[in-house]
Amino acid sequence: MFVLLALHLVVGTAIIAAGRRLGRQAFAVAALAPLATLLWLAARSGDVLDGDSVLDSYAWVSRLGLAVDLELDGFAVAMVTVVSGIGLLICLYAVAYFAPHDGDHTDDVPQSPNGVGRLAGMMTLFAGAMLGVVLADHLITLFIFWELTSVTSYLLIGNDDTNPRARAAALQAILVTGLGGLVLLVGLIIIGQAGGTYRMSELLADAPSGGAVNAGLVCVLVGAFTKSAQAPFSSWLPGAMVAPTPVSAYLHSATMVKAGVYLVARLAPMFAMTGSWRVLVLTVGSATMVIGGWRALRQTDLKLLLAYGTVSQLGFMMLLFGTGVEDIAKAGVVLLLAHAAFKATLFMIVGIIDHAVGTRDVRRLHGLGPSWRLTQACALVAAGSMAGVPLLFGFVSKEGALEGYLEHGEFVGSAAVLTVIVLASILTFAYSARFVLGVFGVLGATDADPADVARSRDAHAPGWLFAGPSVVLTVLTVGFGLAPGRLDGLVDASTSALHPAADVVHLHLWAGFTGAFTLSIVIIGGGIVLTVLRRHVASVQRAGARITRLVPSSERSFNLLLRGTGVIARRITATVQNGSLPIYISIIVLMATVVPLIGFAGDLDGFPQLVETPVHVALVGGMVGAALAASIVRRRIAGALMLGAVGYLMAGLYVTQGAPDLALTQFAIETLSTVLFVLVLRNLPAGWTHRTPAIATPMRIGVSVAVGAAIFVFALVASDARSEVAGPQQSEVMVDNALPKGKGHNVVNVILVDFRGWDTMGEITVLVVAAAGAVSLARTGRRRDVIGPTFEEILEGYDDTAGTADERRQEVPG
């Protein structure tokens, strides 16, 4: 499994690097990754469907319990089939989609070879990240791949960086899903810590409970809702339709939007009865299913119609997987597979029409020529499956959902949820019919432009490569609708992976005149009524839109929130970012010292003996005096020498404490530092003057006192902490091993050169870089012919008599 993920990474990166040379053929290369995945899956799926699992693990940070754990079980087989199967077909479809054409896309498609190649590479990387999500058995591993899908989807949606709409849609998607991901991380950590393990397979066997777990589950659900475009976080998905159709077909039928549903499906068997899980999932799923269906019913853009339909279907999946009931989850697995087939088909057909006619607007479509019969038949079958028409795959899933709620909906609120499913399914039938009528040109404007009519009727039918992927999915939709029992093994293994005690699954086309079939008839009848009365429905929607305009929609709420955040950020920045470097440094230093000081103060356990020998008094007095002198003198070199004196006196303190080796190291460092200071300062003015407000001096003194107090308390607390650690002290180990292993009597030198040699190497590198910069600064004063006039010569052009050049230097920025 690690090899498959690495394959996606290598192929995707290589395509991006060679994108301009490959052009649209980059998608043919990208197809190798999902093809290899499907071949690997075919070799492993037999054992997995029989109940076994394929495990793969890599210890990352073992002491922290961090590992990359991957597992292929029955449900993962279903998800990998969807991710890689749809991905392979989309790659083939994209080769034809990005071919040169005469008309104009409604999509803002990157037509340059480099843009198309980059898009293919990003889709491959996204597919690899999505595979990581569905194969991860470790919560932190899942989160890492989860965030990778957010990042790569952002790059896919905003691939055309010259289009403001694409950039805005990508920003909205990454903000919503990214913030949801951060909340998700909090929830996963809480659950992992409470359960004592981060492996989902172990949590399934022994799920934790309690108030903290309930709070963690709420965080997890927030992350899942944002990813799967649930209300009120659904606005990013319709906005993402600005991306090219292959991206929309892949992200919003088979992969990204199903990540949240996948996570809910995995965790529901463990936590459906815990806290507010079921209430939240069923409430949000019901609202999403109804709102998405209602908004899809009024769209004139076929792609937006499918987008809002996807939102509604995702809410439907939440209602099936989120209950934690195995018989209802079985229907969720079937719906997940059926939705991938019919929604990918519909998206691809929209792209075909847009490619040939140059529009997706149903008001400008006026029927296609006879050569389009195959494409129209695919659209009719896929839309029928979405609507739940008998003999199609979607009907099997909807029948299973209705049957599951009727026979096993014994939890509180199940009747209300069933009512919501029926009403929302009526809307689903209505907007599916609207899609078909739009494709067949029935919704075209009566006073249409003759050019639009001619363009629709004279459009060239798609070639076999362009139409082939949608035909394949249409055949599967009809085949699994007529013979759903062919999927018994996959659905049974998927349900058993989620609910180990689940009964054997048997899918059937028709179970007789049951309550579920009666509700299906009601749904179809209601959908037909809404379709026939579509003009009246449109009037009701327009009236409702005027009434609800007072309540901001999710899109308006997001825009208001974004603008409000920008206004607040600018005001805060104008207040705290006032251009004063001393204030910035003071704030940073205070936060870095005062906050830890509060925590250290509670661990402070008395003070040690302050004076052990009279020499200490003299040394410390000299250090204090030299430090005060460094802050008072007005000559640069004098200040540097005072700082050096502090270091030399500290070396003397080490000698009195019996550490001559440490004193020698300190002496060498201070000598080097002083020489370096002198080399630099000799090329600068000899002195400086302070021009600061009266309040600045007390503030600087306060910051200095805070830093000194924090270091003092930290030293005391650290010393006490060493005595509380059981076992031999590290310092004792180093002293004992300095001579036999390091071959040196100077313990400090042995530590620097042997025990911590790599740390020293890093410090030497930093010092070399700093020394090179300092030497360059020192040499610039001698290169006036190269760098131009000196500072004093520049000031000769200023009409300023407020002192010498050295004094004026302090008043000029930079």
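Computed from a predicted structure; not experimentally measured.

Within the fold, Ser-150 resides in helix H7 (residues 139-157). Beyond its immediate sequence surroundings of up to four residues, Ser-150 is in contact with Ile-174, Thr-177 and Lys-227.

Quick look at a nonpolar patch on the surface now. A cluster of nonpolar side chains, Val-151, Tyr-154, Leu-155, Leu-171 and Leu-562, forms an exposed patch at the surface whose accessible area comes to about 370 Å². With three residues, H7 is the single largest residue contributor to the nonpolar patch. Since its relative accessible area comes to 43%, Val-151 is described here as partly exposed.

Take the packing of helix H17 (residues 373-387) against helix H18 (residues 393-408) next. The packing of two helices is summarised by the inter-axis angle and the distance between the axes. Direction vectors running N to C along H17 and H18 enclose 0 degrees, while the axes themselves pass 7 Å from each other. Here H17 is positioned roughly parallel relative to H18, judged by the angle of their axes. Residues Ser-385, Met-386 and Ala-387 of H17 form the contact with H18, whose own contacting residues are Phe-393, Gly-394, Phe-395 and Lys-398. The class makeup of the residues in the contact of H17 with H18 is four nonpolar, two polar and one charged.

Right, let's get into helix H22 (residues 488-498). When you tally the buried positions in H22, you get nine out of 11 residues, the bulk of the element. Residues of H22 that are buried include every one of Asp-488, Leu-490, Val-491, Asp-492, Ala-493, Ser-494, Thr-495, Ala-497 and Leu-498, and no others. Against helix H4 (32-49), helix H5 (74-97), helix H9 (200-205), helix H13 (257-271), helix H15 (302-321) and helix H16 (326-357) lie the buried residues of H22.

Take the pattern of salt bridges next. When the charged atoms of two side chains lie near each other, side chains of opposite charge can form a pair. Using the criterion set out here, one finds six salt bridges in the structure. Among the salt bridges present, the one from Asp-69 reaches Arg-199, with a minimum N-O distance of 3.8 Å. With Asp-69 in strand S2 (residues 66-72) and Arg-199 in the loop between helix H8 (164-195) and H9, this residue pair connects regions lying 130 residues apart in the sequence. Among the salt bridges present, the one from Asp-354 reaches Arg-360, with a minimum N-O distance of 3.8 Å. Of the two residues examined, Asp-354 and Arg-360, each falls in the buried class. A single network of salt bridges, built from pairs that share partners, joins Asp-69, Asp-137 and Arg-199.

Considering every residue of the protein chain, the mean pLDDT works out to 85; 90% of them sit at 70 or more. Considering only residues more than four positions removed or in separate chains, one finds that residues 797-814, a stretch of pLDDT under 50, has 22 contacts.

In the segment running from Ala-231 into Pro-232, the intervening peptide bond is cis, with an omega of 5 degrees. Along the polypeptide, Pro-232 turns up in the loop between helix H10 (211-227) and helix H11 (236-239). Of note, Ala-229 is a non-glycine position whose phi angle comes to about 55 degrees, a positive value. Inspection of the secondary structure assignment puts Ala-229 in the loop between H10 and H11. Ala-229 gets classed as buried once you look at its relative accessible area, which sits at 0%. In this structure, Leu-391 takes a positive phi of about 80 degrees despite not being glycine. With respect to the element layout, Leu-391 can be found in the loop between H17 and H18.

Definitions and limits used
Residues numbered from 1 in each chain as written. Predicted model: local features only at pLDDT ≥ 70, side-chain atom pairs only at ≥ 80, totals over all residues. Heavy atoms only, no water. Helix = DSSP H or I, 4+ residues; strand = E, 2+ residues; numbered from the N terminus. Contact = heavy atoms within 4.5 Å. Patch = residues over 30% accessible without salt bridge, like charges linked within 9 Å, V, L, I, M, F, W, Y side chains within 5 Å. Areas by Shrake-Rupley, 256 points an atom, 1.4 Å probe, with all protein chains shown as cover. Salt bridge = Lys/Arg side-chain N within 4 Å of Asp/Glu carboxyl O. Buried < 20%, exposed > 50% of the residue type's maximum accessible area, 1.4 Å probe, protein only. Axes fitted to C-alpha atoms, helices over the stretch in contact; angles between N-to-C directions. Parallel < 35°, antiparallel > 145°, perpendicular 65-115°, else oblique. Nonpolar A, V, L, I, M, F, W, Y, C, P; charged D, E, K, R; others polar. pLDDT = per-residue confidence, 0-100.

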